[in-house]
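# Report on the structure
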Amino acid sequence: MQFIPGTCQDTNTRSQIKRIVETAASRAGINKKVSPHWLRHAHANHALENGADIGLVKDTLRHDNVATTSRYLHVRPNDSSSMYVPSL
C-alpha cells in the first residue's frame, strides 16, 4: 500500500501511528508526551550512544545526507576528545 503525503489516507495513517506510539509508551510506563518523531529521535540517540555507525543510523532513518543524522550527536558532559589524547 502506498501512502501519498497530504491525502486523507496519509492523515489517518499518521493519526493511527501517533496513537500506537502513545499507547506503547503508556504501557511501558513512560509518563511524558511522546510522538513518532520522539521515538525516532530516541532510537537514533540510543543507537549512536551505544556505538552504532552513523552511516548505519543514516540509512535506517532514510536520511539523504549524513549531516542530517549528525544532528543526533550531542555533546555529553562526560565525553571529551581529550579522552583520546594520551596525557603528558
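Above this text you will find the structure in question.
Residues numbered from 1 in each chain as written. Predicted model: local features only at pLDDT ≥ 70, side-chain atom pairs only at ≥ 80, totals over all residues. Heavy atoms only, no water.

## A few points about the nonpolar core
To be explicit about the condition: Throughout, nonpolar core names a set of buried Ala, Val, Leu, Ile, Met, Phe, Trp, Tyr and Cys residues whose side chains join them through atoms within 4.5 Å. Accessible area is worked out with a 1.4 Å probe on protein chains only. A residue is then buried under 20% of its type maximum, exposed over 50%, and partly exposed in between. Helix and strand definitions follow DSSP, with helices as H or I runs of at least four residues and strands as E runs of at least two, each counted in order from the N terminus. Whether two residues touch is decided by their heavy atoms; if any such pair falls within 4.5 Å, the residues are in contact.
Counting six residues, the largest nonpolar core is built from A44, A47, L48, V57, L61 and Y72. Among the elements of the structure, α2 (36-49) and α3 (54-61) are those that each provide at least two residues to this core. For this core, the element with the highest residue contribution is α2, accounting for three residues. Other than its neighbours up to four places away in sequence, A44 contacts V57, L61 and Y72.

## Overview of the packing of α2 against α3
Which entries qualify depends on this criterion: Helix axes are fitted only over the stretch in contact, all axes being lines through C-alpha atoms; the angle between N-to-C directions runs from 0 to 180 degrees. Orientation labels follow simple angle bins: below 35 degrees gives roughly parallel, above 145 gives roughly antiparallel, 65 to 115 gives roughly perpendicular, and whatever is left gives oblique. In this scheme the crossing of two helices becomes right-handed for a clockwise turn of the near helix relative to the far one and left-handed for an anticlockwise turn of less than a right angle. Three classes are used: nonpolar for Ala, Val, Leu, Ile, Met, Phe, Trp, Tyr, Cys and Pro, charged for Asp, Glu, Lys and Arg, and polar for all others, with Gly counted as polar.
Orientation of α2 relative to α3, taken along the N-to-C sense of each, is 160 degrees, at an axis distance of 10 Å. The pairing of α2 with α3 is recorded here as roughly antiparallel in orientation. Handedness of the α2/α3 crossing: right-handed. Across from R40, H43, A44, A47 and L48 in α2, the residues of α3 making contact are I54, V57, T60 and L61. Looking at the contact of α2 with α3 residue by residue, the classes come out as six nonpolar, two polar and one charged.

## A look at unusual backbone geometry
With phi around 60 degrees, R62 is a residue other than glycine that occupies positive phi space. On the secondary structure map, R62 appears in the loop between α3 and α4 (66-69).

## Focus: α2
We apply this condition: In this analysis, the expected span of each helix is defined as 1.5 Å times one less than the number of residues it contains.
Here α2 is 14 residues long and its end C-alpha atoms lie 20 Å apart, about the 20 Å a rise of 1.5 Å per residue gives. A42, A44, N45, A47 and L48 are the residues of α2 that are buried. In this structure, the buried residues of α2 make contact with α3 and α4. Backbone geometry just downstream of α2 places G51 in the positive-phi region, at approximately 95 degrees.

## Things to note about the pattern of salt bridges
For clarity, the threshold we go by: Salt-bridge detection follows one rule: a side-chain nitrogen of Lys or Arg within 4 Å of a carboxyl oxygen of Asp or Glu.
A complete count under the given rule lists two salt bridges for this structure. Between K58 and D59 there is a salt bridge whose closest N-O contact spans 3.1 Å.

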